[in-house]
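Chain by chain, the residues:
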There are 2 protein chains.
Amino acid sequence: MDDADPLAGLRDRFTLPDGLIYLDGNSLGALPAAVAPRLAGVVGHEWGQRLIRSWNEAAWFTAPGRVAAAVARLIGADADEVAVADSTSVNLFKILIAGARMRPGRGTLIMHAGDFPTDVYIGSSAAELAGLRLRFVDSPAQAPAAIDDDTALVAMSHVDFRTGELADVTAITEAAHSAGALVCWDLSHSAGALDLDLHAVAADLAVGCGYKYLNGGPGAPGYAMVARRHHDALITPLPGWIGHADPFAMSPRYAPAAGVARLAAGTPPMLSLLAMESSLSALDGVSPQALRTKAAALTSYFVELVDALPAARRGELTVASPRDPARRGAQVSLRHEQAYGLVRALIEREVIGDFRTPDLARFGFAPAYLRFADVWDAVTIIADVLDGGAHRDPRFAVRAGVT
Amino acid sequence: MDDADPLAGLRDRFTLPDGLIYLDGNSLGALPAAVAPRLAGVVGHEWGQRLIRSWNEAAWFTAPGRVAAAVARLIGADADEVAVADSTSVNLFKILIAGARMRPGRGTLIMHAGDFPTDVYIGSSAAELAGLRLRFVDSPAQAPAAIDDDTALVAMSHVDFRTGELADVTAITEAAHSAGALVCWDLSHSAGALDLDLHAVAADLAVGCGYKYLNGGPGAPGYAMVARRHHDALITPLPGWIGHADPFAMSPRYAPAAGVARLAAGTPPMLSLLAMESSLSALDGVSPQALRTKAAALTSYFVELVDALPAARRGELTVASPRDPARRGAQVSLRHEQAYGLVRALIEREVIGDFRTPDLARFGFAPAYLRFADVWDAVTIIADVLDGGAHRDPRFAVRAGVT
């Protein structure tokens, strides 16, 4: 399968530890080989030797736009519809307040109660400040029925972070648009692994994360997408000087920069941002469709191998993700009563996944650098751990650290 | 003077280009020597080899607290009163909304109309969302008279970014407290160069920038300070998962982390944050008083040398900063009709300052790495440029790039 994989060569663009099976690229993407030399130059030469002059000379000032263009290509948006700045949480806040302002007179924000926690928390705060009622649905599938003439905005993740299940973007967007509402998609688990095309689905708004399948590095800047038709009505709640039409006029009056550039607030964290620029070069020339196809193949192979384990070896382990790859992100979650112990025992065997409370062992299959052989080895080691009972080790009875 | 300087040895903790006179540490601090090797290890080993495990193993998760402790020492706050996260702009937004919530029933935010633009823009947005009227004063000195029983909050910069003039922190704080209001200080041009002691002045709230005199690197994270007595009432408008009491519980309900830790929103930009941690080690063992004393001596020497230029050489150049060092930050601004050309011509002579519209040539005197000999050389070159007319070069007739 690896021999037939058209993306097999991409792995050489990454620096991966020997012997490690890294199934956690949905938490922190692997290190692209281009990053270390670039960042050494940024620190030693651009910052150290050229100092403030690098904002012009080294084109630091235009870096957010370059990174935005690379992200835009992967999510089916135009470069001038994407802003790279701040964290996903902060971007979601901006977009929810801005989205509410695009629909004055409407009073409801609809979100998924089981969405990633930061989305729910930020949604609650943004709703309060924007004067919206926050209405929760128990699953994205319930959203269309919940949308009505009072709905200003629907905000949801494309991929469920626990199970990898995909929301029905088309159905939800159509229901929202029929009612005159807007939709904001959180693409944190989509970009770089799936092929959602924001233009094709007539998306309004989106946000996402730089450090998962985009491999931007720990805490890499996030992004926000605003469809061009909404630019004129785009009013950010965080109007910082970097988002001003002419930052160095130092005007006491705020005048927004053109389009999404106004979503910049303060000075971007350049070391993290320029690392992300290098990182994205690892996906140059790779289509979202090719990434999606391989992600589907990797996850399907994983499900198939887990299903093929004899019942005695599999024990109580069940697949918690959709079995239809069309309904699944680049992720498979396995349910097990001792999921925490399983994940910890696997880490000791150099298979890195993560635990999501209360009972999920979560495995991400980054299509840019994983091999089908890794999937085979991972399932072999999972079965071996379950056989040997390493997941019941008393050391794992208490959860510790970042899990 | 350099021989007698007790801080002279600090310069060895920085990597500075040979022959450059860098008077722009108030825009972007110089590179501390500790950063490049640390960041190479963060990228190559912690991210590249250890990947997600570094959140625990390499103590990434507790890095914001370590950086906060280093900042706190320099501003007279306790470590658990400072949060390091996001940009200064975003932190100011959080603190203004949070401050307004600490004074319910009051309707006014007072700011300085000539404050740094991002402060004014963010202040306008925060006031609108918090339901406050924004009242501008033309100078910090007018603030005490403007404060009344309706004042919720006064927010100002400690150091005027144009002239370096200091606000009277004691008078403004006392006036605010007498009326039951709170004050938020922007310390972007203070920390690392001055010795403002937030406890001594009974400060309520503060924000600041990591990349000026703290040398944290381009776009380094900012910080926010909340006095302990206000922690119970601290409600952030950006409640992200990193500021949750138990982020990995993944609870649908937001429960704020203890104290200022709740001011974290999304995942911090770790490459920028860990660079900042290394940077701050360059100030280990150095007291804010020693930094302030040297900054005053450097700026006084600069003013003295400019004043001593024969009138024919000085031309129309005037000192725009207060002449009393007790009323001045680590900065001297010179007013000149061709200030832009002067700054550009000086840059070509390897004297780096910056231009602030319409007519200020601004020079920052970072006490950690500047020598008195640099001050002498800078004024010699300024006089030489004015003598030769390089500042009137037609190339400088049009302003270009980041200025």
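Note that the structure is a prediction, hence the values are computed from the model and not measured.

Participant: I would appreciate a short explanation of the interface of chain B and chain A in the present structure.
Facilitator: By a widespread convention, an interface's size corresponds to the accessible area lost as its parts come together. Contact with chain B, which involves 83 residues of that partner, is made by 83 residues of chain A. Roughly 6600 Å² is buried in total at the junction of chain B and chain A, and carbon and sulfur atoms are behind 70% of that figure. Across the pair Arg 101 of chain B and Glu 128 of chain A runs a salt bridge whose closest N-O atoms are separated by 4.0 Å. Broken down by secondary-structure element, the contributors of at least two residues to the side of chain B that touches chain A are strand E3 (31-32), helix H1 (35-50), helix H2 (54-57), helix H4 (88-102), helix H5 (117-130) and helix H8 (270-280) of chain B. Within the side of chain B that touches chain A, the residues separate by chemical class into 48 nonpolar, 26 polar and nine charged.

Participant: Got a minute to help me understand the sheet that holds strand E12 (residues 331-335) of chain A in this structure?
Facilitator: The strands that make up a sheet are held in pairs by hydrogen bonds between backbone atoms, and each pair lies either parallel or antiparallel. Residue and element names in this part refer to chain A. Taken together, the four strands give an open sheet; going across it, the order is E11-E12-E15-E14, and neighbouring strands pair in antiparallel fashion. What marks the edges here is a single partner per strand, and that holds for strand E11 (318-319) and strand E14 (354-356). Sheet topology places E11 next to E12; two bridges connect them, and they run antiparallel. When the sheet's bridge partners are listed, Thr 318 is paired in E12 with Arg 335.

Participant: Can you walk me through unusual backbone geometry in this structure?
Facilitator: Glycine aside, the phi torsion of most residues is negative, and most peptide linkages are trans. All names here are of chain A. The step from Thr 357 to Pro 358 runs through a cis peptide bond, and the omega angle for that step is 5°. At Ala 202, a position not held by glycine, the phi torsion is positive, near 55°. One can find Ala 202 in the loop between strand E8 (182-186) and strand E9 (205-208).

Participant: Just to check I follow, could you spell out the environment of Arg 328 of chain A for this structure?
Facilitator: Residues and elements named next belong to chain A. Tracing the backbone shows Arg 328 in the loop between E11 and E12. In this structure the C-alpha to C-alpha distance between Arg 328 and Ser 188, which are 140 residues apart in sequence, comes to 14 Å. Within the structure, the side chain of Arg 328 is placed 2.9 Å from the side chain of Thr 299, a separation counted as a polar contact. A distance of 3.4 Å separates a polar atom in the side chain of Arg 328 from the backbone oxygen of Arg 323.

Participant: It is not clear to me how the packing of aromatic side chains should be interpreted in this structure. Could you clarify?
Facilitator: Two numbers describe a pair of aromatic rings. These are the distance of the centres and the angle of the planes. The final tally for this structure, using the stated rule, is 25 aromatic pairs over all chains. Geometrically, the ring pair formed by Trp 241 of chain A and Phe 116 of chain B is edge-to-face, given 5.0 Å between the ring centres and 70° between the ring planes. With Trp 241 of chain A in the loop between strand E10 (223-226) and helix H8 (270-280) and Phe 116 of chain B in the loop between strand E5 (108-112) and H5, this pair bridges two chains. Note on accessibility: Trp 241 of chain A and Phe 116 of chain B belong to one class, buried. A ring pair is formed by Trp 55 of chain B and Phe 61 of chain B, whose centres lie 6.0 Å apart and whose planes are at 75°; its orientation type is edge-to-face. Using a relative accessible area of 12% as the deciding quantity, one classes Trp 55 of chain B as buried. Following the ring pairs from residue to residue traces out a cluster consisting of Trp 55, Trp 60, Phe 61, Trp 241 and Phe 248 of chain A together with Phe 116 and Phe 161 of chain B.

Participant: Sorry if this is basic, but what is going on with the sheet that holds strand E7 (residues 151-157) of chain B here?
Facilitator: Residues and elements named next belong to chain B. Spatially, E4-E10-E9-E8-E7-E5-E6 is the arrangement adopted by the seven strands of the open sheet, whose pairing is mixed. Because the sheet does not close on itself, it has two edges, and the strands there are strand E4 (82-85) and strand E6 (133-137). Neighbour-to-neighbour, the strand axes of this sheet turn through a mean angle of 20°, independent of strand direction. Two elements, E5 and E6, share five bridges in a ladder whose sense is parallel. Considered in E6, the bridge of Thr 108 is made with Arg 133. Sheet strands in contact with H5 are E5, E6, E7 and strand E8 (182-186), and its direction is about 170° off that of E5.

Participant: How should the confidence of the model for chain A be read in this particular structure?
Facilitator: Reading predicted coordinates in detail is not appropriate for stretches of low pLDDT. This prediction gives chain A a mean pLDDT of 97; 99% of its residues lie at or above 70. Of the two predicted TM-score estimates for the complex, the pTM is 0.98 and the ipTM is 0.97.

Participant: Would you explain the relation of the copies chain B and chain A in this entry?
Facilitator: A rotation about an axis combined with a shift along that same axis relates the two copies of the chain. Between chain B and chain A, the superposition needs a rotation of 180° and an axial shift of 0.0 Å, giving an RMSD of 0.0 Å. Both copies are brought into coincidence by an operation consistent with a two-fold rotation axis.

Participant: Is there a simple way to explain the packing of helix H1 (residues 35-47) of chain A against H1 of chain B in this structure?
Facilitator: Geometry of a packed helix pair, given as the angle between the helix axes and the separation of the axes. Between H1 of chain A and H1 of chain B, whose axes approach to 10 Å, the crossing angle comes to 170°. Considered as vectors, H1 of chain A and H1 of chain B are oriented roughly antiparallel to each other. Side by side, H1 of chain A and H1 of chain B meet where Val 35, Ala 36, Leu 39, Val 43 and Trp 47 of chain A of the first sit next to Val 35, Ala 36, Leu 39, Val 43 and Trp 47 of chain B of the second. Looking at side-chain class alone, the contact of H1 of chain A with H1 of chain B contains 10 nonpolar, no polar and no charged residues.

Calculation rules
- Residues numbered from 1 in each chain as written.
- Chains lettered and ligands numbered in written order.
- Predicted model: local features only at pLDDT ≥ 70, side-chain atom pairs only at ≥ 80, totals over all residues.
- Heavy atoms only, no water.
- Contact = heavy atoms within 4.5 Å.
- Buried area = accessible area lost by both parts, 1.4 Å probe.
- Salt bridge = Lys/Arg side-chain N within 4 Å of Asp/Glu carboxyl O.
- Helix = DSSP H or I, 4+ residues; strand = E, 2+ residues; numbered from the N terminus.
- Nonpolar A, V, L, I, M, F, W, Y, C, P; charged D, E, K, R; others polar.
- Pairing = 2+ DSSP bridges.
- Polar contact = N/O pair within 3.5 Å; in protein donor to acceptor, adjacent residues only side chain to side chain.
- Phe/Tyr/Trp six-rings, centres within 6.5 Å; stacked < 30°, edge-to-face > 60°.
- Buried < 20%, exposed > 50% of the residue type's maximum accessible area, 1.4 Å probe, protein only.
- Axes fitted to C-alpha atoms, helices over the stretch in contact; angles between N-to-C directions.
- pLDDT = per-residue confidence, 0-100.
- Least-squares fit on C-alpha atoms with pLDDT ≥ 70 in both.
- Parallel < 35°, antiparallel > 145°, perpendicular 65-115°, else oblique.

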